[in-house]
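What the coordinates show
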Amino acid sequence: MKPATRLVSAITRYIHQDDTIPLPQLRRLGIIYSSYRFIVSIFSMLMLYIAARADNNDSLPSFLQQTALSFYVMLSLILLGLFYVVNKQMRRQLAFGLVLDVIILSLLLYTAGEPDLQLTMLYMVVVAASFMLLHGSQALVITLLAIIFVIYQQFFYAIANSMSLANLGDALLMSASFLAVGGLSWSISQRLVQLEKVAATHAKEVERLNVINQEVITQMVNGVIVIDRQHIVLANLAAHQLLSIAQSPSIQAHKTLMATGDDRSHAVLSNFEQQLSRQHTQLIKACLSVATGQSRTFTYDVPEVANASIFGKLRVQIIPLKDDSKLIILEDLRREQASAQQLKLASLGQLTASIAHEIRNPLAAISQASQLLMEDFTEFETDESLLASAPNVDMAGNHELYKMIFSQTKRVNRIIEDILKLSRQQAASQQSIVLAEWMPAFLENYFKGHDIFLRVKTQPTIQFDPHQLEQILINLINNGLRYSSYSHPHAYVEIEIYYADNDVIIDVLDDGNGVSNEDLKHLFNPFFTTDKTGTGLGLYLSQAFCEANQARLLYIAEHEKTCFRLIIPAIDSDHNFQAVEENLY
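Residues numbered from 1 in each chain as written. Predicted model: local features only at pLDDT ≥ 70, side-chain atom pairs only at ≥ 80, totals over all residues. Heavy atoms only, no water.

1. Focus on the pattern of salt bridges
Applying the stated criterion across every chain, the model contains nine salt bridges. Here D228 ties to R229 by a salt bridge, and the two come within 3.0 Å at their closest N and O atoms. The salt bridge involving E494 is made with K561; its shortest N-O contact spans 2.2 Å. Here the residue E494 occupies a position in strand β10 (residues 493–500), and K561 occupies one in the loop between β12 (552–555) and β13 (562–574), the gap between them amounting to 67 residues. Through salt bridges with shared partners, a single network forms among R455, E494, E496 and K561. (Salt bridge = Lys/Arg side-chain N within 4 Å of Asp/Glu carboxyl O. Helix = DSSP H or I, 4+ residues; strand = E, 2+ residues; numbered from the N terminus.)

Dropping the structure here:
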């Protein structure tokens, strides 16, 4: 008895630990089975009357058959509607319907008087459905209920017909087939449930990887475009920025657009493709002309229609994918130029630092000697005995020469200081700067008492080294004030801050005579200056600082005023910011 008890307990425990299908699939299969029950009940009712007519018997089917089938049709319809409308306790609804099936089929089998193949098949469908839709314990109860009804009905019928045990044997064989079908159905349902779990796990993993991939693509500083069958199926935010294509609220919210079943994503990608074809015809033709399976890398000059003053050149890399689509990577060459500039400044700094220190020592001696000579001249003028002893010495002319020597040594010293600044330059320590708050404080600290007109048309946030940004603006504003004073008695500088194509623009304007066409090509060269008192390193250092921060410094010759434009990538911008205009004295 103990092995049998252990076997029964093991089977019971195994059945209680079974897995069931998820509720969405349970609802779908339950609706299918409820519809099947209603169709079978209608079909059974029709076949009952057709069989009665075929026997040339004018009498109707028995009262028990009519009552059972009528009741079955009515309850089948009610259960179908209830299961379709009510989403709660679906397994209880299914269990009630399966018990009803067993009872009605037992009544029909009783009226048939002997085992019937059609009813046997219907029994097996009920048993198989119970093991697929319900918990194992519930399905086992329904199967045992069917076996009890079948055996009891056949045993009772055999006693009533003088103990004909042939039908009883058929009933036992039918009961054994119920258990076999139930066990097989339960095993298959468990296998399907496990497969469903594995598939769901894989689907979640794929979805997680897809989210990670989209986040990686979103955070990339390079533009990413995927073309499949001559159409764009993916484009990230960086691609919009590098190509200066207007962004829609969808991409600002999702950052990366992929061609999915979402009509909004498809519409935005279609709009991106249209703007790309219209503004960058040469680029799209070059990408589509690359043969399938081949790669290509080239440099693309951004046309003026896409605001070439902000992005000059892009490196375009076309990589073939396995499904005959193409991956296009857009790289802003400004970062590469910034890295090259850092290396150039580092090597230049090592050279100039040693030279500057060597020049500074004798320069200090010359400066000190000129100062001593000027002091001697002052003593010479105040002492009449010295004047009488040297009547033919041109002391005034010597004094002018001494002053010239001193002023020139001061100028050379300023050049050396600028060179040392360049040599001491370290990697840019970028910080987040809100220009609408930072700029007024900067002007108050460095240019209080000067006419500086500040107009802030947006409120962007940039990443820049604050000290280097100060040096750039000090150079530009001082140049503006100096050259403006040459043209007008009242010198002033205007500063405009606004937002254009995902970049922050800072324009430094003055009313000076501007830069001549002959000087434009030398404007940012070291030691080039049109001012006798200048060192020629201000603009060169400013441009170097800009490139170290992935920004650009340009002279806009087309502007009606003298305009130096600082272009910095924005990391955030409030387009609804109310324009601010200040006049700092």
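On we go.
2. Structural notes on the packing of helix α16 (residues 466–487) against helix α18 (residues 538–548)
Look at α16 against α18: their axes get within 9 Å of each other, and the N-to-C directions meet at 145°. Crossing geometry of α16 relative to α18 is assigned as left-handed. Between α16 and α18, the contacting residues are Q468, Q471, I472, N475, L476 and N479 on the first element and G538, L539, S542, F545, C546 and A548 on the second. Counted by class, the contact of α16 with α18 contains six nonpolar, six polar and no charged residues. (Axes fitted to C-alpha atoms, helices over the stretch in contact; angles between N-to-C directions. Left-handed = near helix turned anticlockwise from the far one by under 90°. Contact = heavy atoms within 4.5 Å. Nonpolar A, V, L, I, M, F, W, Y, C, P; charged D, E, K, R; others polar.)

3. Brief notes about the nonpolar core
I477 and I506 are the most contacted members of the largest nonpolar core, which totals 41 residues. Ranked by the residues each element gives to this core, the list is headed by α16, at seven residues. Residue contacts for I506: discarding those within four places in its chain leaves L435, M439, L473, I495, E496, I497, F564, R565, L566 and I568. Membership of the second largest hydrophobic core comes to 39 residues, among which are L79, V127, A129 and F131. (Core = buried A, V, L, I, M, F, W, Y, C linked by side-chain atoms within 4.5 Å. Buried < 20%, exposed > 50% of the residue type's maximum accessible area, 1.4 Å probe, protein only.)

4. Notes on the environment of H231
Position of H231 relative to the elements: it lies in strand β2 (residues 231–236). Judged by relative accessible area, which is 47%, H231 ranks as partly exposed. Residues H231 and L288, 57 residues apart in the sequence, show an inter-C-alpha distance of 9.7 Å. With sequence-adjacent residues up to four places away left out, H231 is seen in contact with V226 and E273. In this structure the side chain of H231 is engaged in a polar contact, spanning 3.3 Å, whose partner is the side chain of E273. (Polar contact = N/O pair within 3.5 Å; in protein donor to acceptor, adjacent residues only side chain to side chain.)

5. Comments concerning the packing of aromatic side chains
A full pass over the atoms with the stated rule returns seven aromatic pairs. Plain terms: the ring middles of Y33 and Y36 are 5.5 Å apart, the flat faces sit at 40° to each other, and that makes the pair tilted. With Y33 and Y36 both in helix α2 (residues 23–54), this residue pair falls three residues apart, about one helical turn. Accessibility expressed as a relative area gives 7% for Y33, which makes it buried. On the basis of an interplanar angle of 65° and a centroid distance of 6.1 Å, the ring pair of F442 and F447 is categorised as edge-to-face. For F442, a relative accessible area of 3% gives the class buried. By relative accessible area, F447 is classed as buried at 3%. (Phe/Tyr/Trp six-rings, centres within 6.5 Å; stacked < 30°, edge-to-face > 60°.)

6. Considering a nonpolar patch on the surface
A surface patch of nonpolar side chains, about 480 Å² in accessible area, is lined by I42, F43, L46, M47 and I50. Within the fold, M47 resides in helix α2. (Patch = residues over 30% accessible without salt bridge, like charges linked within 9 Å, V, L, I, M, F, W, Y side chains within 5 Å. Areas by Shrake-Rupley, 256 points an atom, 1.4 Å probe, with all protein chains shown as cover.)

7. Focus on the packing of helix α15 (residues 435–446) against α16
One way to put it is that α15 packs onto α16 with a least axis distance of 12 Å and a crossing angle of 60°. By the criterion of interaxial angle, the relationship of α15 to α16 is oblique. Two packed elements cross with a definite hand, and for α15 against α16 that hand is right-handed. Of the residues in α16, those touching α15 at L435, W438, M439, F442, L443 and Y446 are P466, L469, E470, L473, I474 and I477. For the contact of α15 with α16, a count of residues per class yields eleven nonpolar, no polar and one charged. (Parallel < 35°, antiparallel > 145°, perpendicular 65-115°, else oblique.)

8. Side note on the side chain of E494
Taking relative accessible area as the criterion, E494 reaches 7% and is therefore assigned buried. Sequence-distant contacts of E494, that is, excluding residues within four places in its chain, are made with F453, R455, D507, V508, L509 and K561.

9. A word on unusual backbone geometry
The backbone phi angle of Q89 is positive, close to 50°, even though this residue is not glycine. Residue classification places Q89 among the exposed positions, given a relative accessible area of 53%.

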